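# Architecture and fold: a report
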Amino acid sequence: MLFDSQKKYLLYDGAMGTMLQKAGLEPGEKPDLMNITTPEAVENIHKMYVDAGSDIICTNTFGSNRLNLKETGYTPEEIITAAVEIAKRASAGRAKVALDIGSTGHLLEPYGDLEPEDAYDIFKEMAVAGERAGADFAAIETMSDIHELKEAMTAVKENTKLPMLVTMTFEKAGRTFMGVTVEDFVKLAEELGASAIGLNCSLEPPAMEETAKELFKQTKLPIIIKPNAGLPDGESGAYHTGAEQFAEQMLPYAKMGAKILGGCCGTTPEYIKALKSSLEAIL
């Protein structure tokens, strides 16, 4: 179960990449490999999010698929097993662990060269490894292609018992980069048994409002809202929305009834702590 009678909402964590960069991740390096090379850094990040109030933390496995890990010397199972063990150790029972599953980075046919069956097998490999390692949920996130999302959700559903937290990344106009509408997203997610659905990445909190309103109209499932900390500076890469401002900008979603709230790119444990304080003040 996602919710108990004592919880009006659940706090997700914030960005992993932002924090890994601060912990020494070099440009061009694969974040997932830090589960093996510097597990203590990953564990410390998870701990900071749990200490900030996160009820759900995502494993450092966004890109832990066989295509992304090709030529690294590691298999998805090795990376994912290490990642789940790190997250569970860091949570110490205080937070649930979600297996983070991102896009393969390849377009499915006919738009690209990845066959649907291959995408299915890639996601199956990730999901089975995550469940075996002890993940509580599968967090399928930052998807823009409805066909890739279908393969990911089907692979999780048919090969594991993991509840699915599913988010797509929409542009301000209300469609994903691949043209997916909220209606299309909801229809697929409900058909394939998502436990919660929502929006993540791409936009700062205010820019998501119209899409979120449409999402609330379309579904009765628990809603996830996980925006970016504004936009990054072109030179420094720093995000322009601070923790307190971000927390204030998230309050409209809580008032709409969003059940799972957190942050994506640019957010840190400071943002989650500020969000927790703001939510406690109104709920």
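Here the structure is shown first, and the text comes after it.
Reference entry: report on the structure contained in this document. Note that this is a predicted model, so its numbers are computed, not measured.

Here helix α6 (residues 146–159) contains 14 residues, and its C-alpha end-to-end distance of 20 Å stays within 8% of the 20 Å for a straight helix at 1.5 Å per residue. What α6 keeps buried is the set Ile 146, Glu 148, Leu 149, Glu 151, Ala 152, Met 153, Thr 154, Ala 155 and Val 156. For α6, the secondary structure elements touched by its buried residues are β3 (96–101), α5 (116–133), β4 (137–143), β5 (164–168) and α7 (182–191). The opening residue of α6 is Asp 145, an N-cap whose side-chain oxygen sits 2.9 Å from the backbone nitrogen of His 147.

Inspection of every chain in the model, using the stated rule, returns 2 aromatic pairs. Ring plane angle 45° and centroid distance 6.1 Å describe the contact between Phe 170 and Phe 185, whose orientation is recorded as tilted. A residue pair is termed long-range when its members are at least 10 positions apart, and Phe 170 in the loop between β5 and α7 and Phe 185 in helix α7 qualify at 15 residues. Pair check on accessibility: Phe 170 and Phe 185 agree, each one buried.

In this section: the pattern of salt bridges. Per the counting criterion, the structure on display carries 9 salt bridges. In this structure, Lys 226 engages Glu 141 in a salt bridge whose closest nitrogen and oxygen atoms are separated by 3.8 Å. Of the two residues, Lys 226 sits in strand β7 (residues 223–226) while Glu 141 sits in strand β4, which places them 85 residues apart along the sequence. In this structure Lys 226 comes out as buried when scored by relative accessible area, which is 3%. Classification of Glu 141 by relative accessible area gives buried; the value is 7%. In this structure, Glu 280 engages Lys 276 in a salt bridge whose closest nitrogen and oxygen atoms are separated by 3.3 Å. Of the two residues, Glu 280 and Lys 276 are both situated in helix α10 (residues 269–282); the distance of 4 residues between them amounts to about one turn of the helix. Glu 280 sits in the partly exposed class, given a relative accessible area of 46%.

Each pair of packed helices can be described by the angle between their axes along with the distance between the axes. Two elements in contact, helix α3 (residues 39–52) and α10, have axes whose closest approach is 8 Å; the angle formed by their N-to-C orientations is 15°. If you check the angle between α3 and α10, you find them roughly parallel. Two packed elements cross with a definite hand, and for α3 against α10 that hand is right-handed. Across the interface between the two elements, Met 48, Tyr 49 and Ala 52 of α3 pack against Pro 269, Ile 272, Lys 273 and Lys 276 of α10.

On to the nonpolar core. Ranked by internal contacts, the top residues of the largest apolar core, which has 79 residues, are Ile 140, Leu 149, Phe 185, Ile 197, Ile 225 and Leu 261. Broken down by element, this core gets its largest block of residues, 8 residues, from α5. Those residues within four positions of Phe 185 in sequence are excluded, and the remaining contacts are Ile 146, Leu 149, Val 166, Thr 167, Met 168, Phe 170, Val 180, Ile 197, Gly 198 and Leu 215. Counting residues in each nonpolar core, the second largest holds 11 residues, with Tyr 12, Ala 98, Phe 137 and Ala 196 among its members.

Criteria and cut-off values
Residues numbered from 1 in each chain as written. Predicted model: local features only at pLDDT ≥ 70, side-chain atom pairs only at ≥ 80, totals over all residues. Heavy atoms only, no water. Helix = DSSP H or I, 4+ residues; strand = E, 2+ residues; numbered from the N terminus. Expected span 1.5 Å × (residues − 1). Buried < 20%, exposed > 50% of the residue type's maximum accessible area, 1.4 Å probe, protein only. Contact = heavy atoms within 4.5 Å. Polar contact = N/O pair within 3.5 Å; in protein donor to acceptor, adjacent residues only side chain to side chain. Phe/Tyr/Trp six-rings, centres within 6.5 Å; stacked < 30°, edge-to-face > 60°. Salt bridge = Lys/Arg side-chain N within 4 Å of Asp/Glu carboxyl O. Axes fitted to C-alpha atoms, helices over the stretch in contact; angles between N-to-C directions. Parallel < 35°, antiparallel > 145°, perpendicular 65-115°, else oblique. Left-handed = near helix turned anticlockwise from the far one by under 90°. Core = buried A, V, L, I, M, F, W, Y, C linked by side-chain atoms within 4.5 Å.

So far we have only geometry, and geometry alone does not tell us how the molecule works.
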